[in-house]
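For reference, the chains in residue letters:
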Amino acid sequence: MRHYYESDTPEAHRFRYGLLAFDLLTLVFIVVTSFLPRTDRIEQLDVLFGLIIATDFVVRLIIARRRLRELMHPATWADLAAIVSFLAPLVGEAAGFLRVLRTVRLLHTYQLLARLRADSAWFRRREEVVLAVVHLSVFIFVMTGIVYETQRATNPAIANYADALYFTVTALTTTGFGDITLPGTSGRLISVVIMILGVTLFLNLVRTLLQPTKVRFHCPRCGLLRHDPDAVHCKACGLLLDIPDEGLR
């Protein structure tokens, strides 16, 4: 299993891409089922997702060279929360809110960055933009889940995930139409978190989109990693560079 999780072979790469696809499928399942009534079939799928996540969690813990460090990783706690929440039907617990923490697992898949750089010229050219979009998307998803789970039982304006997403986006952009609000102290605190952190991540995305495009190339003398696409010399140390040019596509 360490071979599949850590090695640099084609089958290991496919396996890790499969884990990333499963993470995305998990997120889609969480969103879609928020619009549907709870049925036996959905409960069965909950258990299936929970067992798969639990298997992945146990294997990663077994092969970890530093298990204590692995246990302290935020993604590990997110996985534990997701396992409890997906297997909740077995013990009669709701724990739906904990499912949004599974989103943090996306951040743990950044081990795929090196592979994505090697496999995709498109990703290499747009890596910073892609990561900024991922950070903002994960934040929106998590905050939407928090709004949905904390408000759906008491706030008639939050009837489904789309309502929670609508409020999160309007709060993040400080548009504030006022047709949906979160009452009480806890609701106001959630709104404040969305506005402060959300605006920060949004501005980071805008900065990434507007800043000049850079290419990744490790300077052998000083280690500078980002250079202008047409750079001939390293700006930091002046070394003559030989940056591969993929050409216009």
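Residues numbered from 1 in each chain as written. Predicted model: local features only at pLDDT ≥ 70, side-chain atom pairs only at ≥ 80, totals over all residues. Heavy atoms only, no water.

Turning to the overall build of the chain, a few remarks are in order. Along the chain, the regular secondary structure elements total 12 helices and two strands. When the helices and strands of the chain are placed in sequence order, the string is α-α-α-α-α-α-α-α-α-α-α-α-β-β. The burial tally for the chain puts 39% of its 249 residues in the buried class. Long-range contacts, defined as pairs at least 24 residues apart, comprise 53% of the intrachain contacts of the chain with a sequence gap of at least 6. Accessible area for the chain stands at about 14400 Å²; split by element, carbon and sulfur atoms hold 66% of it. (Helix = DSSP H or I, 4+ residues; strand = E, 2+ residues; numbered from the N terminus. Buried < 20%, exposed > 50% of the residue type's maximum accessible area, 1.4 Å probe, protein only. Contact = heavy atoms within 4.5 Å. Areas by Shrake-Rupley, 256 points an atom, 1.4 Å probe, with all protein chains shown as cover.)

This brings us to the packing of aromatic side chains. Overall, the coordinates contain nine aromatic pairs when judged by the stated rule. Taken together, a centroid distance of 5.0 Å and an interplanar angle of 70° make the contact between Tyr-5 and Phe-15 edge-to-face. Here the residue Tyr-5 occupies a position in helix H1 (residues 2–6), and Phe-15 occupies one in helix H2 (residues 10–33), the gap between them amounting to 10 residues. Using a relative accessible area of 7% as the deciding quantity, one classes Tyr-5 as buried. (Phe/Tyr/Trp six-rings, centres within 6.5 Å; stacked < 30°, edge-to-face > 60°.)

Core analysis: the biggest nonpolar cluster contains 20 residues, and Met-143, Val-147, Ile-158, Phe-167, Leu-172, Ile-190 and Ile-194 have the highest contact counts within it. Where this core is concerned, the elements lending two or more residues are helix H10 (127–151), helix H11 (161–172) and helix H12 (184–210). Looking at this core, the element that brings in the most residues is H10, giving 10 residues. Excluding residues within four positions of it along the chain, Leu-172 makes contact with Leu-136, Phe-139, Ile-140, Ile-194, Gly-198, Val-199 and Phe-202. The next biggest cluster of nonpolar side chains, apart from the first, holds 16 residues, and it includes Ile-42, Ile-53, Ile-83 and Phe-141. (Core = buried A, V, L, I, M, F, W, Y, C linked by side-chain atoms within 4.5 Å.)

Let us look at the packing of H2 against helix H3 (residues 40–63). Where H2 meets H3, the axes come as close as 12 Å, and the angle between the chain directions of the two elements is 150°. As judged from the angle between their axes, H2 and H3 are roughly antiparallel. As for the relative orientation of H2 and H3, their crossing is left-handed in sense. Counting all contacts with H2, which are made through Leu-19, Phe-22, Leu-25, Thr-26, Phe-29 and Thr-33, the residues of H3 involved are Ile-42, Leu-45, Asp-46, Phe-49, Ile-52, Ile-53 and Asp-56. Of the residues contributing to the contact of H2 with H3, the split by class is nine nonpolar, two polar and two charged. (Axes fitted to C-alpha atoms, helices over the stretch in contact; angles between N-to-C directions. Parallel < 35°, antiparallel > 145°, perpendicular 65-115°, else oblique. Left-handed = near helix turned anticlockwise from the far one by under 90°. Nonpolar A, V, L, I, M, F, W, Y, C, P; charged D, E, K, R; others polar.)

Evaluated as defined, the whole model comprises zero disulfides. Of all cysteine sulfurs, the one in Cys-237 lies closest to Cys-219, which takes part in no disulfide; the gap is 3.6 Å. For Cys-219, a relative accessible area of 0% puts it in the buried group. (Disulfide = S-S within 2.5 Å.)

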